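Observations on the model geometry
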Amino acid sequence: MKNLNFKELVTIGIGIIIGSGVITLTGFGIGYTDTGISIAYILAGLLFLFSMLPTLIVGVTVPRTSFSYTISKELISPLAGGIFLMLFFIGRIILSFFGVSFGNYLASIVPGVNSNLAGILVITFFYIVNLFGVESATKVQKIFNIILILALSSFAFLGLIKLQPDALTMQRLFPNGMGGIVSAIALVMFSMGGGLVLLEFGGMVEKPEKTLLKAIL
């Protein structure tokens, strides 16, 4: 398989961040802190970068395919690698949440649609796409990235038209005080992990020491 370049890595990263985070979690974050969600995203990005800096340094210095498992096994022990795999497998259960979100969105647009069935079908579709390898997944991701960016752009444009005068007041930014903003930060930090997932492709990247760092940032 050919090595991944900068553009392909950014394509994968954008898809993971927007799909698993921005689309799925922003609404929940707004529930905690209303218009303060924008502040929550900025702070979450800075905090995540700071907290994961050691991992980032190791990832670009010692690039590996299946980075988390391989590094756990090489730097700690084979047992640590096995424990990571078990935890990773359990964590994949959260993928069902994406299916549920998609099904609910679709049902809100097309009345009468079975949201559970729609969620199962979309998860199955992406599973099949990934069976053909990272190159196949990247090509499909490019198409969906265009759709995602157009959707977000239209959402932002329509939102600016309906911007309310009190949107940036303390009452709207911090309706639940610092507790609300902290809860929102904790929630949306999950989406930031999309960029760090690129470390898992380290062994497939052209000039990984430079390319990986630029793509993740």
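Attention here is on the structure that accompanies the text. Residue numbers restart at each chain and count upward from 1, following the sequence in its written direction. Only residues with pLDDT of at least 70 get local features here, since the model is predicted, and only at 80 or more are side-chain atom pairs given and counted; chain-wide, interface and lining totals rely on the full set of residues. Hydrogen atoms and water are omitted, and side-chain values are computed over all heavy atoms in the structure.

**Examining the overall build of the protein chain**
Across its full length, the protein chain holds 11 helices and 0 strands. Across the protein chain, helices and strands are ordered from the amino to the carboxyl terminus as α-α-α-α-α-α-α-α-α-α-α. Two things to know: the radius of gyration comes from C-alpha atoms, and the globule rule equals 2.2 Å times the number of residues to the power 0.38. Expected size for 217 residues packed as a compact globule is a radius of gyration near 17 Å; at 19 Å, the protein chain falls within 12% of this value. Taking the principal axes of the C-alpha coordinates as reference, the protein chain spans close to 55 × 40 × 30 Å. With 217 residues in all, the protein chain has 31% of them scored as buried. Two residues form a contact once any of their heavy atoms are found within 4.5 Å. Long-range pairs, those at least 24 residues apart, make up 72% of the contacts in the protein chain between residues at least 6 apart in sequence. Here Asp and Glu are counted as negative and Lys and Arg as positive; His is not counted, and neither are the chain ends. Each charge is placed at NZ for Lys, CZ for Arg, CG for Asp and CD for Glu. If the 12 positive side-chain charges of the protein chain are averaged to one point and the 8 negative ones to another, these points end up 5 Å apart. Think of it this way: any DSSP run of H or I at least four residues long counts as a helix, any run of E at least two long counts as a strand, and we number them from the N terminus. Each residue is assigned to one of three classes by its accessible area relative to the maximum for its type, calculated with a 1.4 Å probe on protein chains only: buried under 20%, partly exposed between the two thresholds, exposed over 50%.

**Some words on the nonpolar core**
Counting 26 residues, the largest nonpolar core has Leu9, Leu198, Phe201, Leu212 and Ile216 as its most contacted members. If we ignore the near neighbours within four places in the chain, the residues touching Leu212 are Leu9, Gly59, Val60, Pro63, Leu198, Leu199, Gly202 and Val205. Definition used in this section: a nonpolar core is a set of buried Ala, Val, Leu, Ile, Met, Phe, Trp, Tyr and Cys residues joined via side-chain atoms within 4.5 Å.

**Quick word on the pattern of salt bridges**
We define a salt bridge as a contact between a side-chain nitrogen of Lys or Arg and a carboxyl oxygen of Asp or Glu at a distance within 4 Å. Scanning the model with the defined rule gives 3 salt bridges in all. One salt bridge connects Arg172 with Asp34, and the closest N-O pair in it is separated by 2.4 Å. Of this pair, Arg172 sits in helix 9 (residues 170-173) while Asp34 sits in the loop between helix 1 (6-33) and helix 2 (37-51), placing them 138 residues apart in sequence. A relative accessible area of 18% means that Arg172 is categorised as buried. Between Arg64 and Glu74 there is a salt bridge, with its nearest N and O atoms 3.4 Å apart. Taken as a pair, Arg64 in the loop between helix 3 (53-61) and helix 4 (67-76) and Glu74 in helix 4 lie far apart in primary sequence, 10 residues in all. On the accessibility criterion, Arg64 (29% relative accessible area) is partly exposed.

**Description of a nonpolar patch on the surface**
A residue counts toward a patch only above 30% relative accessible area and without a salt bridge, and it is joined to like-charged neighbours within 9 Å or, for Val, Leu, Ile, Met, Phe, Trp and Tyr, to nonpolar neighbours within 5 Å. Residue exposure ignores everything except the shown protein chains as possible cover, and the areas themselves are Shrake-Rupley values with a 1.4 Å probe. Residues Leu79, Ile83, Met86, Leu87, Phe89, Ile90 and Ile93 make up a contiguous nonpolar surface patch of roughly 800 Å² in combined accessible area. Structurally, Leu79 can be placed in helix 5 (residues 78-91). Exposure remark for Leu79: the relative accessible area of 64% places this residue in the exposed category.

**What to know about unusual backbone geometry**
Positioned with a positive phi, Asp34 is a non-glycine residue whose angle comes to about 50°. Positive phi is not limited to glycine here, since Lys207 has a value of about 45°. Assignment of secondary structure puts Lys207 in the loop between helix 10 (177-196) and helix 11 (208-216).

**Thoughts on the packing of aromatic side chains**
Ring pairs are drawn from Phe, Tyr and Trp, using the six-membered ring of Trp, whenever the two centres fall within 6.5 Å, and their geometry is named by plane angle: stacked under 30 degrees, edge-to-face over 60, tilted for the rest. Within this structure, the stated rule accounts for 3 aromatic pairs. Aromatic pair Phe84 and Phe88: ring centres 5.8 Å apart, planes at 35°, arrangement tilted. Residue Phe84 and its partner Phe88 are both found in helix 5; the two are separated by 4 residues, about one turn of the helix. Relative accessible area serves as the criterion here: at 23%, Phe84 is assigned to the partly exposed category. For Phe88, a relative accessible area of 39% corresponds to the partly exposed category. Ring geometry for Phe125 against Phe126: centres 5.1 Å apart, planes inclined by 70°, an arrangement best described as edge-to-face.

**Re helix 7 (residues 115-131)**
Between its first and last C-alpha, helix 7 extends 25 Å over 17 residues, near the 24 Å set by a 1.5 Å rise per residue. What helix 7 keeps buried is the set Ala118, Gly119, Val122 and Val129. One side of helix 7 holds all its buried residues, which, seen down the axis, span an arc of 100°. Opposite the packed face of helix 7, turned more than 90 degrees from it, sit the exposed residues Asn116, Ile120, Leu121, Tyr127 and Leu131. Looking at the packing, one finds that the buried side of helix 7 touches helix 6 (95-109) and helix 8 (134-161). Pairing of N or O atoms within 3.5 Å defines a polar contact, subject to two protein rules: one partner must be a possible hydrogen donor and the other a possible acceptor, and residues neighboring in sequence count only if both atoms are side-chain atoms. Backbone nitrogen of Asn116 and a side-chain oxygen of the N-cap are separated by 3.1 Å at the start of helix 7; the cap is Asn114. Gly133 lies just past helix 7 and shows a positive phi near 100°. By this rule, a helix spans an expected 1.5 Å times one less than how many residues it contains. To be clear, the arc concerns the directions from the helix axis to the C-beta atoms.

Any functional reading would require information that these geometric values do not contain.
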